[in-house]
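Read off the chains here:
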Amino acid sequence: MAAVSGGGAHTPSVLVGPIDLAARVDEALAVQAVAFGLGRNEVDVRRHIVLRHLEHRCARALGATTATGRLIGFVYGMPNERGHWWSTVVEPYLRATGSEEWLDDSFVITELHVHPEFQNQGIGRSLITTITDAVDQPRSILSAIDTESPARGLYRTLGYRDLARQVLFPSAPRPYAVMGAPLPLRRRA
């Protein structure tokens, strides 16, 4: 477990460490719904996706919890496999930018979300660096909505760079960017 200090006197300390995400999927998706603006139907669809992903033998998950045990953030991912749905969608975009090799020997950050009340306190940074520090792959890839956002800014400070932009996922209303970074992720100077 890693401790992340809060953002002030009224913000509780947060612990980052392994969680049984399958057992806490509804709590995690409640965080994602608030952080990402998801409706009930989207949450129901994502619940099945998350549980299916967690069946992968190398899937890893971490949670950020308050001292009272409240889940306020989570991250999960797994080694990329070209046969995975996500990989098959992004492959043509990466091929077009000459970045297709990033699909091999990479750890995919599938989801990373922190409740808005706890954002900008280093929790997302702690979640992503802790999970990637424990993997064997030499690099990490992820997708994020293709807009200038605090999340994209965080990823850049960690060493992620754009590999492909304007990536369209079926049923996603906005385009995404695929980003990649060598591991270990960059730390603050």
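Residues numbered from 1 in each chain as written. Predicted model: local features only at pLDDT ≥ 70, side-chain atom pairs only at ≥ 80, totals over all residues. Heavy atoms only, no water.

1. Here we look at helix H3 (residues 85-96)
- When we look at burial in H3, the residues that qualify are Trp86, Ser87, Val89, Val90, Glu91 and Leu94.
- Taken together, the buried residues of H3 touch strand E5 (106-114), strand E6 (139-145), strand E7 (161-167) and strand E8 (176-182).
- Within two residues after H3, glycine 98 carries a phi angle of roughly 70°, on the positive side. (Buried < 20%, exposed > 50% of the residue type's maximum accessible area, 1.4 Å probe, protein only. Helix = DSSP H or I, 4+ residues; strand = E, 2+ residues; numbered from the N terminus. Contact = heavy atoms within 4.5 Å.)

2. Considerations on helix H5 (residues 150-157)
- Taken together, the buried positions of H5 are Arg152, Leu154 and Tyr155. Looking straight down H5, one finds its buried side chains confined to an arc of 160°; they lie on one side.
- Buried residues belonging to H5 abut E5, helix H4 (123-133), E6, E7 and E8.
- Downstream of H5 by a residue or two, glycine 159 has a phi angle that is positive, lying close to 110°. (Arc of directions from axis to C-beta.)

3. Observations concerning the environment of aspartate 105
- With respect to the helices and strands, the residue aspartate 105 is situated in the loop between H3 and E5.
- The partly exposed category is assigned to aspartate 105, whose relative accessible area is 49%.
- Put simply, aspartate 105 and proline 79 are 26 residues apart on the chain and 7.2 Å apart in space, counted from C-alpha to C-alpha.
- Contact partners of aspartate 105, with chain neighbours within four places excluded, come to Gln137, Pro138 and Arg139.

4. Notes on the nonpolar core
- Ile109, Ile123, Leu127, Ile128, Leu142, Tyr155 and Tyr160 are the most contacted members of the largest nonpolar core, which has 27 residues in total.
- Mapped by element, the contributors of at least two residues to this core are strand E2 (14-18), strand E3 (60-66), strand E4 (71-79), E5, H4, E6, H5 and E8.
- Once residues lying within four places of it in the same chain are set aside, the contact partners of isoleucine 109 are Val75, Tyr76, Ile128, Ile131, Thr132, Ser140, Ile141, Leu142 and Tyr160.
- If you look at the next biggest cluster of nonpolar residues, it comprises 15 residues, including Trp102, Val108, Ile145 and Val178. (Core = buried A, V, L, I, M, F, W, Y, C linked by side-chain atoms within 4.5 Å.)

5. What to know about the pattern of salt bridges
- Considering all chains together, one arrives at 16 salt bridges under this definition.
- The residue glutamate 27 makes a salt bridge to arginine 24 at a minimum N-O spacing of 2.8 Å.
- Notably, a salt bridge pairs arginine 95 with glutamate 100, separated by 3.6 Å at the nearest N-O pair.
- Residue arginine 95 is classed as partly exposed on the basis of its relative accessible area of 46%.
- Three or more residues joined by partner-sharing salt bridges are found here, namely Arg82, Glu91, Arg95, Glu100 and Asp104. (Salt bridge = Lys/Arg side-chain N within 4 Å of Asp/Glu carboxyl O.)

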